[in-house]
Amino acid sequence: MSETITTIDIQGKLPKVASGKVRDLFAVDDDTLLFVASDRISAYDVIMENGIPGKGALLTAMSIYWFNYLPQHVPGLKTHYISNTLPSPISTLTTFQDRSMQVRRLRIIPIESIVRGYITGSGWSEYKKSGTVNGIRLPEGLIEGQKLPQALWTPSTKAELGDKDENISPEKAREIIANRTIAARVEELSLQIYEAAAKRAESVGIVLADTKFEFGLDEKDEVVLVDEVLTPDSSRFWPKDTWEQNLGKAQPSFDKQFLRDWLTSNGLKGKEGVKVPEDVVQQTAAKYREAYEKITGKST
């Protein structure tokens, strides 16, 4: 777990399809992609200069856990996950074994599907100004970190690498998707997945405050859960036992919030070229490991 891999080099053995903030995608064949998770970490839409050791393997293992767990608890849910075996052209590159997934190649729905069960982050910022989250009117008098009356579907744009995602109203998301049936299914699945995951997290002492999903469409136009899912990169995880006493202020967390707080307190929010100091790297790595171990019940 100590090695840090920020550049994915598979020696040209498979064609690269895309490179994201964390993952590089390669074509296995016309129907299959290989997702390889690096140890890169981003915050406020900026990739840090250095990575978090072992992070890519943890995110991959955690996503695989959820891809196996969720279809048992969300009726009709399909995922893009196939296996964690390396395809034959790179079967000897065992460095990438623990950080790779073979997945179905699908048409990606062009929004980020965010569900909020608690009011925090950009949702809290908007609420303070206008009493709304993604344009959705909420009751007066909510405090930071409070559980919402019901979980909300609060989508955002899916920005190109280097650009920033923007929160949008559910109605705007439906316009972007341009198919009411598909949009309704994305919203329905997002809320169902959130509820199933929040219940699992709560059972091990974790509050799932919010999370981001991505979806694709298969050849029958059925909505399929894709990308990574319910990891500390895409979710806010809070300790359940201290949640109530921290209402109205920043919650302790098992995710990249520790890094975000360090950046903000040092005037580095949104700045390029930031090298994260070793103590912040190690503490962030420890937060990720703790979330993985609690939720999956496995040790690292």
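Structure: see above.
Presented here is an overview of the structure given in this document. Since we're looking at a predicted model, the values are computed, not measured.

1. Focus on the sheet that holds strand 7 (residues 100-104)
Here comes step 1: Taken together, the 5 strands give an open sheet; going across it, the order is 1-2-3-7-6, and neighbouring strands pair in antiparallel fashion. Pairing within the sheet leaves two strands with one partner each, and these edge strands are strand 1 (16-19) and strand 6 (81-83). On average, each strand axis in the sheet is inclined to that of its neighbour by 30°, with strand direction left out of account.
Here comes step 2: When strand 6 meets strand 7, the two strands line up antiparallel, connected through 2 bridges. By the bridge assignment, tyrosine 81 is partnered in strand 7 with valine 103.
Here comes step 3: Relative to the sheet, helix 1 (residues 55-69) contacts strand 2 (23-29), strand 3 (32-37), strand 6 and strand 7, its axis offset from that of strand 7 by approximately 40°.

2. Considerations on the side chain of serine 113
Here comes step 1: By secondary structure assignment, the location of serine 113 is in strand 9 (residues 111-118).
Here comes step 2: At a separation of 2.6 Å, a polar atom in the side chain of serine 113 contacts the side chain of serine 190.
Here comes step 3: Among all residues touching serine 113, those that are not within four sequence positions of it are Trp153, Val186, Ser190, Thr211, Lys212, Phe213 and Phe215.

3. Describing the side chain of lysine 55
Here comes step 1: Inspection of the secondary structure assignment puts lysine 55 in helix 1.
Here comes step 2: Discounting residues that sit within four places of it in the chain, lysine 55 has contacts with Val22, Ser38, Asp39, Arg40, Ile41, Asp233 and Tyr288.

4. Concerning the pairing of strand 3
Regular strands show a simple pattern: their side chains alternate between the two faces of the sheet.
Here comes step 1: Strand 3 sits mainly inside the fold: 6 of its 6 residues count as buried.
Here comes step 2: One ladder, built from 6 bridges, connects strand 2 with strand 3; its direction is antiparallel. The residue of strand 3 that forms the bridge with aspartate 24 is valine 36.
Here comes step 3: A loop of 2 residues connects strand 2 with strand 3, the two strands running antiparallel in sequence.
Here comes step 4: Bridging between strand 3 and strand 7 involves 5 bridges; their strand directions are antiparallel.

5. Things to note about the pattern of salt bridges
Here comes step 1: The full count for this structure, using the stated rule, is 20 salt bridges.
Here comes step 2: A salt bridge links aspartate 210 to arginine 116, with the nearest nitrogen and oxygen atoms 4.0 Å apart. A residue pair is termed long-range when its members are at least 10 positions apart, and aspartate 210 in strand 14 (residues 206-217) and arginine 116 in strand 9 qualify at 94 residues.
Here comes step 3: The partner of glutamate 202 in a salt bridge is lysine 240, with the nearest N and O atoms 3.3 Å apart. Taken together, the positions of glutamate 202 in helix 4 (residues 180-203) and lysine 240 in helix 5 (residues 240-243) put the pair 38 residues apart, joining distant regions of the chain.

6. Overview of the packing of helix 1 against helix 7 (residues 278-296)
Here comes step 1: One can describe the packing of helix 1 onto helix 7 by two numbers: an axis separation of 10 Å at closest approach and a directional angle of 25°. Classified by the angle their axes make, helix 1 and helix 7 are roughly parallel. Viewed along their axes, helix 1 and helix 7 form a crossing whose handedness is left-handed. Listed contacts from helix 7 to Lys55, Leu58, Leu59, Ala61, Met62, Tyr65 and Trp66 of helix 1 are Tyr288, Arg289, Ala291, Tyr292, Ile295 and Thr296.
Here comes step 2: Its residues assigned to classes, the contact of helix 1 with helix 7 shows 10 nonpolar, 1 polar and 2 charged.

Criteria and thresholds
Residues numbered from 1 in each chain as written. Predicted model: local features only at pLDDT ≥ 70, side-chain atom pairs only at ≥ 80, totals over all residues. Heavy atoms only, no water. Pairing = 2+ DSSP bridges. Helix = DSSP H or I, 4+ residues; strand = E, 2+ residues; numbered from the N terminus. Axes fitted to C-alpha atoms, helices over the stretch in contact; angles between N-to-C directions. Contact = heavy atoms within 4.5 Å. Polar contact = N/O pair within 3.5 Å; in protein donor to acceptor, adjacent residues only side chain to side chain. Buried < 20%, exposed > 50% of the residue type's maximum accessible area, 1.4 Å probe, protein only. Salt bridge = Lys/Arg side-chain N within 4 Å of Asp/Glu carboxyl O. Parallel < 35°, antiparallel > 145°, perpendicular 65-115°, else oblique. Left-handed = near helix turned anticlockwise from the far one by under 90°. Nonpolar A, V, L, I, M, F, W, Y, C, P; charged D, E, K, R; others polar.

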